[in-house]
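# Fold and contact review
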Amino acid sequence: MQEIEFLYDFGSPNAYLVHRVLPGLAERHGARLHYVPILLGGVFKATNNRSPMEAFAGVKGKLAYEMRETERFVRRHGIRYHMNPYFPLNTLALMRGAVFAQGKDWEGAFVDAVFDAIWLHGQKMDEPMVIEDALREADLPAAKIMDAMRSPEVKQGLIANTDAAVARGVFGAPTMFVGDEMFRQTQPAGTGTSVGDRLTGGEARGFAPSRGTRARI
């Protein structure tokens, strides 16, 4: 069985959108889905990259078009999504929590709860009290998770994940890997087609990884 690695940071709206469609894609292709939390700010610092809002702030029409593409994607896939009013958020604590959640029975519930709190309910998820309340509402072990966010082992785990991602050529989030092939789009529109083609041997049909396309999932 092939595996899709999904490298993500909760602070990326595109990561949320891909999170909402990737499980279905994996199921259709009989692939495993493996979530890998990374710190996007750490990736940016290591690669001299910037967020699209910073990088394209001076490009007339660029950000408006990106928003339009997001609207099309959300409508096409029936995703519930609202731009967080507190964006950008400091996700350091949340990503440490995600590292602690890895491999646990409730990892999926944690990922869903945090993504939804940010991109569906518009919560200020860089405030400890807000984070803890959201975790409790999702019936997660909130106190244990909050404590783990301060653990040296968990902190080092997030650093290790981020460093390993950069070493593999990652420069932003979300990023996906199928085997050694990396897939990265600034918009989620082409994600499913690209990854799906790789799972079904699409390279033989001229498929090019790591190129943002506008193809439909």
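Residues numbered from 1 in each chain as written. Predicted model: local features only at pLDDT ≥ 70, side-chain atom pairs only at ≥ 80, totals over all residues. Heavy atoms only, no water.

### Remarks on the packing of helix α5 (residues 92-101) against helix α9 (residues 152-167)
- With their axes 9 Å apart at the nearest point, α5 and α9 run at an angle of 95° to one another. Between α5 and α9, the crossing angle belongs to the class labelled roughly perpendicular. For the pair α5 and α9, contact is made by L92, M95, R96, V99 and F100 and by V154, K155, G157, L158 and N161, respectively.
- A breakdown of the residues in the contact of α5 with α9 according to their chemical character gives six nonpolar, two polar and two charged. (Axes fitted to C-alpha atoms, helices over the stretch in contact; angles between N-to-C directions. Helix = DSSP H or I, 4+ residues; strand = E, 2+ residues; numbered from the N terminus. Parallel < 35°, antiparallel > 145°, perpendicular 65-115°, else oblique. Contact = heavy atoms within 4.5 Å. Nonpolar A, V, L, I, M, F, W, Y, C, P; charged D, E, K, R; others polar.)

### Describing unusual backbone geometry
- The step from F87 to P88 runs through a cis peptide bond, and the omega angle for that step is 0°.
- On the secondary structure map, P88 appears in the loop between α4 (62-77) and α5.
- P174 follows A173 through a cis peptide bond whose omega is 5°.
- For N48, which is not glycine, the phi torsion reads 60° and is therefore positive.

### Brief notes about the environment of L89
- Among the structural elements, L89 can be located in the loop between α4 and α5.
- Between the C-alpha atoms of L89 and M125, which are 36 residues apart in sequence, the distance is 7.1 Å.
- Beyond its immediate sequence surroundings of up to four residues, L89 is in contact with N84, I118, Q123, K124, M125 and D126.

### Quick look at the nonpolar core
- Formed by 51 residues in total, the largest nonpolar core has its most connected members in I4, Y8, F10, F110, M125 and L135.
- Apart from the residues within four sequence positions on either side, L135 is in contact with F110, V114, L140, A142, I145 and M146.
- Core analysis: the next-biggest nonpolar cluster, separate from the first, contains eleven residues, V36, V170, F177 and M182 among them. (Core = buried A, V, L, I, M, F, W, Y, C linked by side-chain atoms within 4.5 Å. Buried < 20%, exposed > 50% of the residue type's maximum accessible area, 1.4 Å probe, protein only.)

### Remarks on the pattern of salt bridges
- Under the criterion given, the structure shown has eleven salt bridges.
- One salt bridge connects E3 with R32, and the closest N-O pair in it is separated by 3.7 Å. In this pair, E3 sits in strand β1 (residues 3-8) while R32 sits in strand β2 (residues 32-37), placing the two residues 29 residues apart along the sequence.
- Across the pair D147 and R150 runs a salt bridge, and its minimum N-O distance is 2.7 Å. (Salt bridge = Lys/Arg side-chain N within 4 Å of Asp/Glu carboxyl O.)

### Observations concerning the confidence of the model for the chain
- Of the residues in the chain, 85% have a pLDDT of 70 or more, and the chain-wide mean is 87.
- Low confidence marks residues 203-217, where pLDDT is under 50. Its contacts with residues over four positions away, or in another chain, come to 44 contacts. (pLDDT = per-residue confidence, 0-100.)

### Quick look at helix α1 (residues 13-28)
- Between the first and last C-alpha of α1 there are 24 Å, a value that for 16 residues agrees with the 22 Å anticipated at 1.5 Å per step.
- Of all the bends in α1, the greatest reaches close to 35° and is centred on V21; the proline P23 follows between one and four positions later.
- Among the residues of α1, those classed as buried are P13, N14, A15, Y16, L17, V18, H19, V21, L22, L25 and A26. (Expected span 1.5 Å × (residues − 1). Bend = angle between axes of the 7 residues up to and from the residue.)

### Focus on helix α7 (residues 128-137)
- Every buried residue of α7 is accounted for by I131, A134 and L135. Projected onto a plane normal to the axis of α7, the buried residues spread over an arc of 100° and lie on a single side. Exposed residues pointing more than 90 degrees away from the buried face of α7 are listed as M129 and E137.
- Following α7 by one or two positions, D139 adopts a phi angle in the positive range, close to 60°. (Arc of directions from axis to C-beta.)

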